[in-house]
Amino acid sequence: AQSVTQPDIHITVSEGASLELRCNYSYGATPYLFWYVQSPGQGLQLLLKYFSGDTLVQGIKGFEAEFKRSQSSFNLRKPSVHWSDAAEYFCALAGYSSASKIIFGSGTRLSIRP
Amino acid sequence: GAVVSQHPSWVICKSGTSVKIECRSLDFQATTMFWYRQFPKQSLMLMATSNEGSKATYEQGVEKDKFLINHASLTLSTLTVTSAHPEDSSFYICSASTSAGATYNEQFFGPGTRLTVL
């Protein structure tokens, strides 16, 4: 079955500290992988995506993610967080078909400690 | 580019009334639109997928007679919550994709509509 697991419900980091949000997936092959961010009461903003090629993907706002096939993981990282990064982060996957559904993880809420 | 809008951004209605939410692709033609709902502090759950000019495909457990979806044009899809009840209160988000020849058709998300049923 296809699924996305985000094991951390809530993470708090200090401003300026590094961040890693975990994401594991279950899929029969290598899926398309995404990270989205959602501020309270807002829609989703795409941070980055992995389709193929280089397993280290650069995104917007200084975020990056690394695809590790052997671990079925796609963890999101940022070297130094800012207070404005406080939000909900969703990892997601989609299959290869042309109108494939996106399957979302349960989300990780990020809080920033001043 | 690839902007999706939703209207209204929030709506409050009385129990038993119907509410229509619009989803528009502003700068591209959306052959497929998706409707999600999100309860507080939860993830997005896909409700249905609609292709322009076709009937929507609903996910298991979603009542198609309660959540009417129309995708009459390549830039507009509507979700009508019929006879709304307080348990229908949620955040509804649409997304749109275009079959522009790509292997994967990326979905672009709208800003969401907050529905509160009193």
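Quantities reported herein were computed from a predicted structural model and do not represent experimental measurements. (Residues numbered from 1 in each chain as written. Chains lettered and ligands numbered in written order. Predicted model: local features only at pLDDT ≥ 70, side-chain atom pairs only at ≥ 80, totals over all residues. Heavy atoms only, no water.)

S.K.: How would you sum up the overall build of chain B? Please name residues and give values.
M.R.: Each helix and strand counted, chain B has zero helices and eleven strands in total. Written out in order from the N terminus, the α and β elements of chain B read β-β-β-β-β-β-β-β-β-β-β. Since a compact globule built from 118 residues should have a radius of gyration of about 13 Å, the 14 Å found for chain B is in line with a globular shape. With the C-alpha coordinates aligned to their principal axes, the bounding extent of chain B is approximately 45 × 25 × 25 Å. Among the 118 residues that make up chain B, the fraction classed as buried is 48%. Sequence separation of at least 24 residues holds for 55% of the intrachain contacts in chain B that already meet a minimum separation of 6. Surface accessibility of chain B: about 5,700 Å² in total, with carbon and sulfur atoms responsible for 53%. Taking the average place of the 9 positive charges on the side chains of chain B and the average place of its 9 negative ones, the gap between the two points comes to 7 Å. (Helix = DSSP H or I, 4+ residues; strand = E, 2+ residues; numbered from the N terminus. Rg over C-alpha atoms; globule rule 2.2 N^0.38 Å. Buried < 20%, exposed > 50% of the residue type's maximum accessible area, 1.4 Å probe, protein only. Contact = heavy atoms within 4.5 Å. Areas by Shrake-Rupley, 256 points an atom, 1.4 Å probe, with all protein chains shown as cover. Lys, Arg positive; Asp, Glu negative; His and termini not counted. Charge placed at Lys NZ, Arg CZ, Asp CG, Glu CD.)

S.K.: So what about the sheet that holds strand E1 (residues 4-7) of chain B? Which residues, and what values?
M.R.: Residue and element names in this part refer to chain B. Within the open sheet, the four strands sit side by side as E1-E3-E8-E7. Their pairing is antiparallel. Only two strands of the sheet have a single neighbouring strand rather than two, namely E1 and strand E7 (67-73). Recorded for the sheet is a direction-independent mean angle of 15 degrees between the axes of neighbouring strands. (Pairing = 2+ DSSP bridges. Axes fitted to C-alpha atoms, helices over the stretch in contact; angles between N-to-C directions.)

S.K.: Give me the lowdown on the state of the cysteines, citing residues and values where you can.
M.R.: Residues and elements named next belong to chain A. Enumeration over the complete set of coordinates arrives at two disulfides over all chains. The residue that forms a disulfide with Cys 23 is Cys 91, at a sulfur-sulfur distance of 2.0 Å. Residues Cys 23 and Cys 91 are joined through a disulfide that is left-handed, its torsion about the S-S bond being -65 degrees. Of the two residues, Cys 23 is situated in the loop between strand E3 (19-21) and strand E4 (24-26) and Cys 91 in strand E10 (residues 87-94); the sequence distance between them amounts to 68 residues. Residue classification places Cys 23 among the buried positions, given a relative accessible area of 0%. (Disulfide = S-S within 2.5 Å.)

S.K.: Tell me about the side chain of Ser111(A), residues and numbers included.
M.R.: Inspection of the secondary structure assignment puts Ser111(A) in strand E12 (residues 108-113). If we ignore the near neighbours within four places in the chain, the residues touching Ser111(A) are His10(A), Ile11(A), Thr12(A) and Val13(A).

S.K.: Mind laying out the pattern of salt bridges, listing which residues take part and the relevant values?
M.R.: Residue and element names in this part refer to chain A. Applying the stated criterion across every chain yields a total of seven salt bridges over all chains. Residue Arg 22 pairs with Asp 8 through a salt bridge whose shortest N-O separation is 2.8 Å. Placement of Arg 22 in the loop between E3 and E4 and of Asp 8 in the loop between strand E1 (3-5) and strand E2 (10-14) is noted, with a sequence separation of 14 residues between them. The class for Asp 8 is buried, based on a relative accessible area of 19%. The partner of Glu 64 in a salt bridge is Arg 77, with the nearest N and O atoms 3.2 Å apart. In this pair, Glu 64 is assigned in strand E8 (residues 64-68) and Arg 77 in strand E9 (residues 73-78), connecting sequence segments 13 residues apart. Given the relative accessible area of 22%, Arg 77 is considered partly exposed. (Salt bridge = Lys/Arg side-chain N within 4 Å of Asp/Glu carboxyl O.)

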